[in-house]
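Residue-level listing of the chains:
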Amino acid sequence: MTAPRQSLAVVAHDAGGARALLPVAVELQRRGWELALLLAGPAVSIFREALPGTCLPDVTPLEELTAELQRHGSVALLSASGLYNQLEHTARLAARRLGLPVVAVQDAWFNHRERFERDGVPSRPDWVCVMDELSLGELRVAGFAASQLELTGHPGLEQTVQLCRAATAEQMRERRQAFGLPEAGLVFTFFSDPFFTGPGGAFYSGPGAIMRPDGRGLYGYTVRDVLPPVLAELEHALDAADTTAVFIVRPHPSECAETVEGIIARHPAKRLRARVEPRGTTVEWIQLSDALLGMMTIALLQAALAGKPAVSVELGLLASDLEDPCMANTLGYTRAAFDSAALRDLCRCLVQRDWPALRPAPRYVLPLDGATSRVADCLLRATRLA
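Just so it is clear, the structure is predicted and the values come from calculations on it, not from any experiment.

Caption draft 1: Up close: the sheet that holds strand 10 (residues 186–191). Strand order in the open sheet made by the six strands is 12-11-10-13-14-15, with parallel pairing throughout. In this open sheet, the two strands that pair with only one neighbour each are strand 12 (272–276) and strand 15 (335–337). Taken pair by pair, the neighbouring strands of this sheet meet at an average axis angle of 20 degrees, ignoring direction. Pairing analysis gives three bridges linking strand 13 (residues 291–294) to strand 14 (residues 310–313), with the strands arranged parallel. If you follow Leu292 over to strand 14, its bridge partner there is Ala310. The strands that helix 10 (residues 257–266) touches are strand 11 (245–250) and strand 12; relative to strand 12, the one it contacts most, it runs at about 160 degrees.

Structure representation (structure tokens):
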């Protein structure tokens with residue numbers, strides 16, 4: 001029987017992790033490696049166009065994943081570091097069982113311990129590719145040794161910025177037409193977060209959740225608290241300027257879109273033409289929009305890095321012992337509205353196209369150029385050391 005050719009395994013489930021891993025997987029394939037793609041959940045659709053892979057149940061047993069790695073002749077595992085799944089955790093355990101090196105790619109700034117354990121069972125990688133200097137210290141506090149951490153930057157952010165800047169004027173006209181947008185006029189896009197993950201207000205309250213078990217937002221607000229005043233203040237600013245705008249709400253991949261649709265339906269506006277739009281990609285909506293809004297989503301950071309004004313609205317953010325969950329605010333790439341007065345002023349700037357006022361100088365600069373190659377290099381070094 002012919003032995004399987006050596007491959008590199010890639011496992012991803014959550015959307016953020018999948019977007020961080022996809023450009024690295026493409027780079028590894030470009031370098032001549034065969035890939036064993038172990039995908040579930042949102043990662044399946046994110047990978048589908050560039051690198052379709054095996055679609056697995058999130059709860060695939062350890063024995064099956066171990067056999068899958070053996071079947072492909074995998075010599076190392078590149079893992080996402082998501083919170084909302086079992087597959088990535090189980091794949092890391094399977095790799096450990098086989099003695100394979102595991103390299104994880106960080107894609108968020110919070111819950112570092114929880115990302116690499118489930119129900120008290122650890123599945124820590126051998127190395128972590130880290131996004132920035134701030135995260136290095138946080139991962140050390142979470143128990144990782146300095147020798148396990150490599151500052152690479154975020155491959156997904158690098159790719160997003162490259163793609164956002166690549167569209168031609170003709171492509172933009174075609175895309176506006178495809179999404180039913182006017183050729184001219186203001187377009188704002190609001191990227192939501194997954195507070196409500198099921199119909200009727202159902203929500204997730206486990207590790208990494210942004211909802212409390214009592215149904216309150218962990219940080220003091222939910223999309224139900226934030227979106228209505230955004231709609232109202234934009235309508236007020238548009239009325240004062242005697243103009244109109246299109247307002248697109250992009251539901252999070254893990255969010256129940258019906259919740260957002262209900263909010264818009266209860267707050268009709270005359271000058272602000274608002275709708276929920278699940279079609280298209282994050283990159284497309286950053287390209288198509290004059291400015292972006294949201295709460296804590298990383299899409300705001302992606303937009304700001306691509307040169308678009310980005311506004312974080314966190315009305316009711318708790319001041320007690322909880323930091324701002326929007327890292328784009330912490331890094332200094334976005335303008336933030338924590339109260340109604342600030343929201344009104346920022347909406348006026350949006351409607352008046354006062355873009356300089358909405359583009360702050362960042363406090364911490366993210367290393368982006370070359371991030372994809374640095375992660376690929378880290379994985380291949382781990383493979384040689386095994």
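Caption draft 2: Here's a closer look at the nonpolar core. Core analysis: the largest hydrophobic core is formed by 72 residues, its most contacted members being Phe188, Phe190, Leu227 and Phe247. If one sorts the elements of this core by residue count, helix 9 (residues 223–241) sits on top with eight residues. With near-sequence residues (within four places) excluded, Phe188 lies in contact with Leu234, Ala245, Val246, Phe247, Ile248, Ser289, Ala291, Leu293, Leu350, Val351 and Trp355. Counting residues in hydrophobic clusters, the runner-up holds 32 residues, among them Val10, Val44, Ala376 and Leu380.

Caption draft 3: Structural context of the packing of aromatic side chains. Inspection of the entire model under this criterion finds five aromatic pairs. Judged by centre distance (5.4 Å) and plane angle (85 degrees), the rings of Tyr84 and Tyr204 are edge-to-face. Placement of Tyr84 in the loop between strand 4 (74–79) and helix 4 (87–97) and of Tyr204 in the loop between strand 10 and helix 9 is noted, with a sequence separation of 120 residues between them. Tyr84 gets classed as partly exposed once you look at its relative accessible area, which sits at 38%. When the ring centre of Phe144 is taken as origin, the NZ or CZ atom of Arg124, which lies over that ring, is 4.4 Å away. Directly above the ring of Phe196 sits Arg224, whose terminal nitrogen or CZ lies 4.1 Å from the centroid.

Conventions we followed
Residues numbered from 1 in each chain as written. Predicted model: local features only at pLDDT ≥ 70, side-chain atom pairs only at ≥ 80, totals over all residues. Heavy atoms only, no water. Pairing = 2+ DSSP bridges. Helix = DSSP H or I, 4+ residues; strand = E, 2+ residues; numbered from the N terminus. Axes fitted to C-alpha atoms, helices over the stretch in contact; angles between N-to-C directions. Contact = heavy atoms within 4.5 Å. Core = buried A, V, L, I, M, F, W, Y, C linked by side-chain atoms within 4.5 Å. Buried < 20%, exposed > 50% of the residue type's maximum accessible area, 1.4 Å probe, protein only. Phe/Tyr/Trp six-rings, centres within 6.5 Å; stacked < 30°, edge-to-face > 60°. Lys NZ or Arg CZ within 6 Å of the ring centre and 35° of its normal.

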